[in-house]
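Coordinates in review
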Amino acid sequence: MQQVSREQGDVNTGELRAAYVDALDAETRQWLERDAKVFFHQALSTPVMNVLARTEGAWLEDLQGRRYLDLHGNGVHNAGFSNPEVIAASMAQLQACLAFTPRRYTNIPAVKLAEKLVEITPEQLTRVLFCPGGSEAIEMAISLAKYITGRWKTVSYWDSYHGNGFQSISAGGEEHFSGGLGPLMPGAYHLEFPNYYRNPWNLTDMEAIDDLYIRSLEILLKRNPDIAAIIAEPISATPVIPSEYYWKRIREICDQYGIFLIFDEIIEGFGRTGKWFACEHYVTPDVLVLGKSLGGGILPLAGIVTREEYNVLQHRSIGHFTHEKNPLSAAAGLAGIEYIEKNGLVQNSENLGNYLLERLLALQDQFPVIGHVAGRGLHLGIDLVRNRQTKERAERYAERIMYHCLNNGLALKVIEGNILTMRPSLVITRDDCDFILETLKHALEQISPD
């Protein structure tokens, strides 16, 4: 069997996965078998690990009635799973007999959602374009950059994921998604994302580290004057949190060379990092790419928000999608944003994120297997290592911790083989945070490092 990359998440093979599935009841295993018979098999999905009966708030519930506080949610659950206000808005839209709008027409929910995005994103961003999913939104952003600049090359980062479209998969930096496909988008260059804990020079001064990473970009730009865009998550999925200095310098370089700065906030947007958008910690991009929680947690919806001066492609169509202005998706998305706004969930993300980060750092002092802890808002990661000096990744141990937590009602995700990532719904409470900490501490106490 070919080895499966663990960059994007835990995989559906191995002894621990098999043991977890074997312990499920007969009805659940029957549905898993039926799922496996009809769905296309992939490393990160089918065959799947369990069958859900309910998703509500920050929690999942399986067929056996077991509940899990979900720290993954595929990024759609900022306003909570099955949010009653989002459901009510969606039902009202269906009952209004306006669930779809053909091209050449608009509708009130789509206009209101676009206006709300202009209101809550940085003030320089005033033009909106919707599409069904994040991959398509990245495609639109890159196409816009190429048209406006008249150039065709891009720069993005290794180990990043931006979707599975032709341009988005090329911009992504994970071999798992591009390997074996042959030639993809020409002119797609990649650099290392700034990583202060795992930088190759073993330096500790953040600005010195940033300057070395930036030097790689400057060398690339001198030899490739036809770069249209730099595409990045302002904070990576693990997360790795760049300094303000880094993104300020990248913004200056983009302005110097006339390059678009595209921020992919499909995960980080809508309060995840303690601000409405992660770019607010840094600089304003030329294009902000949104998705996942934009659909209110129940419907697929994505899009871009960009600057007024780029609204000059009346002779082209970079977002020619059937469901571009779907009123049902727009109603759900607007209700989700209004719920986050009304209930102060962005501030909740900052407050509880700080609470979790402080206590995770305390666990790091207690358990040598925790090599590094990073977080901004409710976007946190724990880097587990076999040795703090060598920083060797404790991949087997991380997987054991994940399944121990899962069996105790806490659903984590492992990225890059050893990093426990935590991205709960923004509706979580202090009690939920204590449950996270207690469950994780118990797992670390019960399971000996490899």
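Predicted model, so just to flag it, every value in this text is computed and none were measured.

Some thoughts on the overall build of the protein
Counting secondary structure elements, the protein contains 13 helices and 16 strands. For 450 residues, the compact-globule formula gives about 22 Å, and the C-alpha radius of gyration of the protein, at 22 Å, lands near that figure. Structurally, the protein occupies a C-alpha span of about 60 × 60 × 45 Å along its principal axes. For the protein, buried positions account for 56% of its 450 residues. In the protein, 71% of the contacts between residues at least 6 apart in sequence involve partners at least 24 apart.

What about the packing of helix α8 (residues 206-223) against helix α9 (residues 244-257)?
At a closest axis distance of 10 Å, the pairing of α8 and α9 adopts a crossing angle of 20°. Classified by the angle between their axes, α8 and α9 sit roughly parallel to one another. α9 is crossed by α8, and the crossing has right-handed handedness. From α8, E207, D210, D211, Y213, I214, L217, E218, L221 and K222 reach across to α9, where they touch Y245, Y246, R249, I250, I253 and Y257. Looking at the contact of α8 with α9, its residues break down into nine nonpolar, no polar and six charged.

Examining the sheet that holds strand β1 (residues 52-56)
Read from one edge of the open sheet, four strands run β1-β2-β3-β14, paired in mixed fashion. Lying at the two open borders of the sheet, with one neighbouring strand each, are β1 and β14 (410-411). As paired strands, strand β3 (residues 67-70) and β14 are joined by two bridges and run parallel to one another. Bridged to L69 within β14 is L410.

Considering the packing of aromatic side chains
For the coordinates displayed, the defined rule picks out twelve aromatic pairs. Look at Y157 and W247: their rings are 6.4 Å apart centre to centre, the planes differ by 80°, and that puts the pair in the edge-to-face class. Taken as a pair, Y157 in strand β5 (residues 153-157) and W247 in helix α9 lie far apart in primary sequence, 90 residues in all. Relative accessible area serves as the criterion here: at 0%, W247 is assigned to the buried category. Centroid distance W247 to F263: 4.9 Å. Interplanar angle 80°. Geometry classified as edge-to-face.

Observations regarding the pattern of salt bridges
In total, this model carries 16 salt bridges according to the counting rule given. Among the salt bridges present, the one from D62 reaches R66, with a minimum N-O distance of 3.0 Å. Sharing partners across several salt bridges, the network here consists of R251, D255, D286 and R307.

Let's talk about the side chain of S349
Here S349 is to be found in helix α11 (residues 345-366). One polar contact links the side chain of S349 to the main-chain amide nitrogen of G274, over a distance of 3.5 Å. In contact with S349, not counting residues within four places along its chain, are G271, R272, T273, G274, G377, L378 and L426.

What to know about helix α2 (residues 26-38)
Given a rise of 1.5 Å per residue, 13 residues ought to cover 18 Å, and the 19 Å separating the end C-alpha atoms of α2 matches this to within 8%. Buried residues of α2: T28, L32 and D35, and no others. Along the axis of α2, the buried residues cluster in a sector spanning 60°; they form a single face. Across α2 from its buried face, at more than 90 degrees, point the exposed residues A26, E33, K37 and V38. The inward-facing, buried residues of α2 abut α1 (15-22).

So, α9
Here α9 spans 20 Å end to end across 14 residues, near enough to the 20 Å set by a 1.5 Å rise per residue. Residues of α9 that are buried include every one of Y246, W247, I250, R251, I253 and C254, and no others. Down the axis of α9, the smallest arc covering the buried residues is 160°, so these residues share one side. Across from the buried face of α9, at angles greater than 90 degrees, the exposed residues are E244, K248, D255 and Q256. At the C-terminal side of α9, G258 shows a positive phi close to 70°.

Quick word on the environment of D365
Along the polypeptide, D365 turns up in helix α11. Judged by its relative accessible area of 70%, D365 falls in the exposed class. Note: C-alpha distance between D365 and E27 (338 residues apart in sequence) is 43 Å.

Some words on the packing of α11 against helix α13 (residues 430-446)
With their axes 10 Å apart at the nearest point, α11 and α13 run at an angle of 15° to one another. As summarised for this structure, α11 and α13 are arranged roughly parallel, according to the angle between their axes. Considering the relative orientation of α11 and α13, their crossing is right-handed. Contact with α11, carried on its side by L352, Y355, L356, R359, L360, L363 and Q366, involves R430, C433, D434, I436, L437, L440, K441 and E445 of α13 and no other residues of that element. Split by residue class, the contact of α11 with α13 holds nine nonpolar, one polar and five charged.

A closer look at unusual backbone geometry
Each neighbour pair has its own omega, and for T46 with P47 the value is 0°, a cis peptide bond. As for its placement among the helices and strands, P47 is situated in the loop between α2 and β1. In this structure, the amide linkage connecting T238 to the following residue, P239, adopts the cis form with an omega of -5°. In this structure, P239 sits in the loop between β7 (227-232) and α9.

Conventions used here
Residues numbered from 1 in each chain as written. Predicted model: local features only at pLDDT ≥ 70, side-chain atom pairs only at ≥ 80, totals over all residues. Heavy atoms only, no water. Helix = DSSP H or I, 4+ residues; strand = E, 2+ residues; numbered from the N terminus. Rg over C-alpha atoms; globule rule 2.2 N^0.38 Å. Buried < 20%, exposed > 50% of the residue type's maximum accessible area, 1.4 Å probe, protein only. Contact = heavy atoms within 4.5 Å. Axes fitted to C-alpha atoms, helices over the stretch in contact; angles between N-to-C directions. Parallel < 35°, antiparallel > 145°, perpendicular 65-115°, else oblique. Left-handed = near helix turned anticlockwise from the far one by under 90°. Nonpolar A, V, L, I, M, F, W, Y, C, P; charged D, E, K, R; others polar. Pairing = 2+ DSSP bridges. Phe/Tyr/Trp six-rings, centres within 6.5 Å; stacked < 30°, edge-to-face > 60°. Salt bridge = Lys/Arg side-chain N within 4 Å of Asp/Glu carboxyl O. Polar contact = N/O pair within 3.5 Å; in protein donor to acceptor, adjacent residues only side chain to side chain. Expected span 1.5 Å × (residues − 1). Arc of directions from axis to C-beta.

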